[in-house]
Structures are given as C-alpha cells and as structure tokens.
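Observations on chain architecture
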Amino acid sequence: MRRISAHIGVTNFMVINKDGLPLYCSSELSKSKESQIKHIYELVIAARRMIRDVDPTDDLMFLRTGTGQSELLISPDKDFTVVVVQNVNPSKNSSNESL
C-alpha cells in the first residue's frame, strides 16, 4: 500500500470489502468520502454486470475512469476492491493530498 501511495499524483488509496464498506482509506474517512466509496462500489457492480451481460464467462478485471482533475483506478476482486485516486496533472508536491 505504501508503494502505491508513494507514486507522484496519488491522492488517495482505498480498499473496499465485498459489501461496499471501507476497510482502509489513506485519507480521513468523512461522510463525503463514505459517499464516494458507496458510489464507486455501485459503479463496479454496474460495470461487472454489463461485462457479464456481454459475455457470461468474462469478468471485470480493471476499471479506469476520470474527470478533468483526477482518475480513478479500480481493481475489483472477489473479496475486496482496491481504488487509487490520482491527479491527472501531477506535480511533485501533490503526492498524498486529499481528494
């Protein structure tokens, strides 16, 4: 976890369990952060459902989505989901800042 969080541009690192509850968050867990985690979890469920609708033998392995300011790098697994938030235009001073 430290190695991922240490990359330039990474602002947050989260681990979500299979029920959508946060197991780890590199920044302070606030109500807005809990809401973000809930929405990310719902996005993963919807994306996984869409992949399986196209091919029932396939599964979602990695999802990358972004806004003008940041990208979400999402890696779902059977028991947990890893989420990395990173700045689109990282600077050397932006590592480990809150989203």
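Now for a description of the structure that goes with this document.

Reading the values: rules and limits
Sequence order as written defines the numbering, with residues in each chain counted from 1. Local features are withheld for residues below a pLDDT of 70 in this predicted model, meaning they are given only at 70 or higher, and side-chain atom pairs are given and counted only at 80 or more; totals for whole chains, interfaces and linings count all residues. For the side-chain quantities, the full set of heavy atoms in the structure was used; hydrogens and water were omitted. The helix count covers DSSP runs of H or I at least four residues long, the strand count covers runs of E at least two residues long, and both are numbered beginning at the N terminus. Each residue gets one of three labels from its accessible area relative to the maximum for its type: buried under 20%, exposed over 50%, partly exposed in between, using a 1.4 Å probe on protein chains only. Contacts were defined at the residue level, with two residues in contact if any of their heavy atoms lie within 4.5 Å. Reported accessibility uses the Shrake-Rupley method at a 1.4 Å probe radius. Residues are deemed covered only where the shown protein chains occlude them. We treat two strands as partners when DSSP finds at least two bridges between them. Axis lines are fitted to C-alpha atoms, over the contacting stretch for helices. Their N-to-C directions set the angle, which ranges from 0 to 180 degrees. Salt bridges are identified by distance alone: a Lys or Arg side-chain nitrogen within 4 Å of an Asp or Glu carboxyl oxygen.

1. Some points on the overall build of the protein chain
- Counting its regular elements, the protein chain contains two helices and five strands.
- Counting from the amino terminus, the protein chain carries its helices and strands in the arrangement α-β-β-α-β-β-β.
- Buried positions account for 34% of the 99 residues belonging to the protein chain.
- When contacts within the protein chain are restricted to residue pairs at least 6 apart in sequence, those whose partners lie at least 24 apart make up 43%.
- Carbon and sulfur atoms provide 52% of the accessible area of the protein chain, an area that totals close to 6700 Å².

2. Structural notes on the sheet that holds strand β1 (residues 10-17)
- Sheet architecture is open: five strands sit in the order β2-β1-β5-β4-β3, paired in antiparallel fashion. Sheet topology places β2 (22-25) and β3 (63-66) at the edges, where each strand pairs with a single neighbour. On average, each strand axis in the sheet is tilted by 15 degrees relative to the strand beside it, whichever way the strands run.
- Note: β3 against strand β4 (residues 70-76), four bridges, orientation antiparallel. Among the inter-strand pairings, Leu 63 is bridged to a residue of β4, identified as Ile 74.
- Sheet strands in contact with helix α2 (residues 31-54) are β1, β2, β3, β4 and β5 (80-87), and its direction is about 65 degrees off that of β1.

3. Digging into the pairing of β1
- Most of β1 sits out of view: eight of its eight residues are buried.
- Alignment of β1 against β5, held across seven bridges, turns out to be antiparallel. In the strand pairing of β5, Met 14 is matched with Val 83.
- Both β1 and β2 contribute to a ladder of three bridges, which runs antiparallel. Opposite Ile 16, over in β2, you have Pro 22 as the bridge partner.

4. Quick word on the pattern of salt bridges
- In total, this model carries four salt bridges according to the counting rule given.
- Here Lys 38 and Glu 42 are joined by a salt bridge, their closest N and O atoms 4.0 Å apart. Taken together, the residues span about one helical turn, with Lys 38 and Glu 42 both in helix α2 at a distance of four residues.
- Overall, Lys 38 belongs to the partly exposed group, its relative accessible area being 48%.
- Glu 42 gets classed as partly exposed once you look at its relative accessible area, which sits at 39%.
- Between Arg 52 and Asp 59 there is a salt bridge, with its nearest N and O atoms 3.3 Å apart.
- The class for Asp 59 is partly exposed, based on a relative accessible area of 28%.
- A cluster of three or more residues bridged by salt bridges with shared partners is formed by Arg 48, Arg 52 and Asp 59.

That is the geometry; function is a separate question.
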